[in-house]
Amino acid sequence: SYAAGGVKRAAFQEAIQTELKNRFFYTNEVRLDIVLHLDVQTVLETDETADVDNYAKAILDGLKGPNGILFDDTQVQALTIYWLDSYGRDRTYFEVSISSSPDDLMLKPVEFYEMP
């Protein structure tokens, strides 16, 4: 949850970026499909999991920036997110599929500048 604080969000973002093995950035619009594998009992019977929109924001934050694969999450033209039963609390994970034109890639390294 975004209400949980910046430390957990930053750790989650760093964990995502650590798993990315890309050497490129998507430079134009992309379509994202996110599948959350969550324990159905935990989702429906407790408040231990976030709503899917909160998962989407946290995952998008992990995919953008200098260590990500997107310059910014404004590049996301279409987003599909849903959860499936993972059949157990110890099997919680997510998968991300990205679609774009093959011409819309830029090899790293890239310099980032923030406009005032």
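Residues numbered from 1 in each chain as written. Predicted model: local features only at pLDDT ≥ 70, side-chain atom pairs only at ≥ 80, totals over all residues. Heavy atoms only, no water.

Engineer: Teacher, can you tell me more about unusual backbone geometry here?
Structural biologist: The phi angle of most residues is negative, glycine excepted, and most peptide bonds adopt the trans form. In this chain, Lys 108 is followed by Pro 109 through a cis amide linkage whose omega measures 5°. Here Pro 109 lies in the segment after strand S5 (105-107). (Helix = DSSP H or I, 4+ residues; strand = E, 2+ residues; numbered from the N terminus.)

Engineer: What's the story with the sheet that holds strand S4 (residues 93-99) in this structure? I'm lost.
Structural biologist: The strands that make up a sheet pair up through hydrogen bonds in the backbone, lying either parallel or antiparallel. On the basis of which strands lie adjacent, the open sheet formed by three strands has the order S3-S2-S4 and mixed pairing. Among the strands making up the open sheet, the edge pair consists of strand S3 (76-85) and S4. The sheet shows a mean angle of 15° between the axes of neighbouring strands, taken without regard to direction. Bridge count between strand S2 (residues 30-38) and S4: seven bridges; the pairing is antiparallel. Of the residues in S4, the one forming a bridge with Arg 31 is Ser 99. Docked against the sheet, helix H3 (residues 52-63) engages S2, S3 and S4, running at close to 120° with respect to S2. (Pairing = 2+ DSSP bridges. Axes fitted to C-alpha atoms, helices over the stretch in contact; angles between N-to-C directions. Contact = heavy atoms within 4.5 Å.)

Engineer: How should the layout of surface pockets be read in this particular structure?
Structural biologist: By rolling a water-sized probe across the atoms, one finds the places where empty space is left. Taken as a whole, the second largest pocket encloses approximately 210 Å³ of empty space. Phe 12, Ala 15, Ile 16, Glu 19, Leu 20, Ile 59, Leu 63, Ile 69, Phe 94, Glu 95, Val 96 and Ile 98 together form the lining of the second largest pocket. When grouped by side-chain class, the residues that make up the lining of the second largest pocket number ten nonpolar, no polar and two charged. (1 Å grid on protein atoms, 1.4 Å probe; cavity = no way out; pocket = protein on both sides within 12 Å on 5 of 7 lines; lining within 4 Å. Points joined across faces, edges and corners; volume = space filled by probe spheres on them. Nonpolar A, V, L, I, M, F, W, Y, C, P; charged D, E, K, R; others polar.)

Engineer: What exactly am I supposed to notice about the side chain of Ser 86 here?
Structural biologist: Mapped onto the elements, Ser 86 comes out in the loop between S3 and S4. In this structure Ser 86 touches His 37, Leu 38, Asp 39, Arg 91 and Thr 92, once residues within four positions along its chain are discounted.

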